[in-house]
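What follows is the residue order along each chain.
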Amino acid sequence: MSGASVAVIGGGVIGASVAYHLARRGWRDVVVFDRMPAPGGGSTGRASGGFRAQYATAVNVRLSLLAREKLRCFEAETGVDPGYTPCGYLWLAGSADELAELQRAQRVQHAEGLAEAAMLGLDDIALVNPAVQLSGVVGAAWCPSDGFIKPLALLEGYLRAGSRLGVETRWGVEAVGLRHRPDGSVAAVDTTQGTVDVEAVVDAGGAWAAAVAAWAGVGLPVVPLRRQAATTTPCDLLPVDMPMTIWVGDGFHLRVRDGRVLLLQPTPGVPDAPFDTRVDPAWVDIVERAAHARVPALRGATIDRAACWAGLYEISPDKHAILGAAPECPNLFFANGSSGHGVMHAPALGQLLAEIISDGSASSMDATPLRYGRFAEGDLLPTSGVL
């Protein structure tokens, strides 16, 4: 196989975004390798499609604001509509402690420029989402510019635009190892179709990213975590513009997508099988009961059990992305660990990493809080059980 200036390992939306942004900055011979036979076969195709800037840390709010700016000009750049629809995110608190956590996060959001984020009382909650049963709810956080995107449209847009700029994506070609120079840098990528000489490598392997890093002798603290999604059969029981609505206490949330209602709630992964993406029938029963109790209109809905699915988050120790070079291997770059925020932050992460690779540092925003070295330095970002 011929050489590449940059080999991107992983053709999901983050890898595609990195490749496109590199090509846009003038990099030539950018090659993406993905073991799937076609686009969308990994985690990108299993994302629920939410987009929000309501986070509890400044760096995540900034990532969302940068991504939102890019979503607004995405179609003009790529020729594909990303489906950004600002229907809002509504976070429902069931206790004073939960409400206080939402308020603390909102102070961070306001400080970073998300001025439209607001706290709501019960009367306003009923106006924003009349379908919700308000028993046990004490207040809410609301942001009308949050909403939804189409993950596969984002992926398609970056792949199309990257291709026009010379990016080559090799589907069904799996990267299986790295070769090194005497100084420890990466010299080549071994694949199932041969070896490719490289100037740099991007690990965009998602939930599988730690295995890629290990080929360079680098310990990347990213682990998979199953997330399940239940879906109703097609129905019109809820309006299509209903906001993403989330109960803070247990993380149960729901949205309308493609004429169905998606029901979601975080759970642990399968013990001793971290990459298992089977759907647990008992979990489907749990979210169905929650939906009936909290959204009475859904008592008339039917769960389409054959259409339920699960995918994998890529979790870092502080639930924030890892972005930039590995100190032990300076031409190996990470775009990993987004912990469930990868699709929505992909426009920002791709641009920032292209800046880091090209210029040595990011210029669109300060990305140093996301550096790989923060774990060894004990400088982890604060985590929130809610946001």
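Residues numbered from 1 in each chain as written. Predicted model: local features only at pLDDT ≥ 70, side-chain atom pairs only at ≥ 80, totals over all residues. Heavy atoms only, no water.

Caption draft 1: Structural detail: the sheet that holds strand β14 (residues 253-257). Taken in spatial order, the eight strands of this open sheet run β5-β6-β4-β13-β14-β15-β12-β16, and their pairing is mixed. The outermost strands of the open sheet, each flanked by one partner alone, are β5 (118-120) and β16 (309-315). The sheet shows a mean angle of 25 degrees between the axes of neighbouring strands, taken without regard to direction. With five bridges joining them, β14 and strand β15 (residues 260-264) adopt antiparallel strand pairing. Note on β15: the bridge partner recorded for Arg257 is Arg260. Set on the sheet, helix α4 (residues 96-111) makes contact with β4 (89-93), β5 and β6 (139-143); between it and β6 the angle comes to about 25 degrees. (Pairing = 2+ DSSP bridges. Helix = DSSP H or I, 4+ residues; strand = E, 2+ residues; numbered from the N terminus. Axes fitted to C-alpha atoms, helices over the stretch in contact; angles between N-to-C directions. Contact = heavy atoms within 4.5 Å.)

Caption draft 2: Structural view of the pattern of salt bridges. On inspection of all chains with the given rule, the structure shows 16 salt bridges. Among the salt bridges present, the one from Asp285 reaches Arg305, with a minimum N-O distance of 2.5 Å. Taken together, the residues Asp285 in helix α8 (residues 281-294) and Arg305 in the loop between α8 and β16 connect sequence positions 20 residues apart. A residue is classified by how much of its surface remains accessible, and Arg305, at 41% relative accessible area, is partly exposed. (Salt bridge = Lys/Arg side-chain N within 4 Å of Asp/Glu carboxyl O. Buried < 20%, exposed > 50% of the residue type's maximum accessible area, 1.4 Å probe, protein only.)

Caption draft 3: Seen up close, the environment of Asp146. With respect to the secondary-structure elements, Asp146 resides in the loop between β6 and β7 (147-148). Taking relative accessible area as the criterion, Asp146 reaches 0% and is therefore assigned buried. Separated by 29 residues in sequence, Asp146 and Ala117 have C-alpha atoms that sit 9.2 Å apart. Each residue touching Asp146, except ones within four places of it in the same chain, is listed here: Phe51, Arg52, Ala53, Gln54, Thr85, Pro86, Cys87, Gly88 and Tyr89.

Caption draft 4: Focus on the environment of Ala19. Relative to the helices and strands, Ala19 resides in helix α1 (residues 13-24). Residue Ala19 is classed as buried on the basis of its relative accessible area of 2%. Separated by 147 residues in the primary sequence, Ala19 and Gly166 have C-alpha atoms spaced 9.8 Å apart. If we skip the residues at most four places from it in the chain, Ala19 touches Val8, Val30, Val32 and Val167.

Caption draft 5: Region of interest: the packing of aromatic side chains. By the definition in use, this model includes seven aromatic pairs. Considering the side-chain rings of Phe74 and Tyr158, the 5.0 Å spacing of their centres and the 85 degrees angle between planes classify their relative orientation as edge-to-face. Separated by 84 residues along the polypeptide, Phe74 in helix α3 (residues 74-78) and Tyr158 in helix α6 (residues 151-164) bring together distant segments of the chain. For Phe74, a relative accessible area of 1% corresponds to the buried category. What makes Tyr158 buried here is its relative accessible area of 2%. An aromatic cluster of at least three residues, connected via ring pairs, comprises Tyr20, Phe74 and Tyr158. For the cation-ring pair, Arg35 lies above Trp208, with the distance from its terminal atom to the ring centre recorded as 4.8 Å. (Phe/Tyr/Trp six-rings, centres within 6.5 Å; stacked < 30°, edge-to-face > 60°. Lys NZ or Arg CZ within 6 Å of the ring centre and 35° of its normal.)

By themselves, these are just geometric observations and shouldn't be taken as functional.
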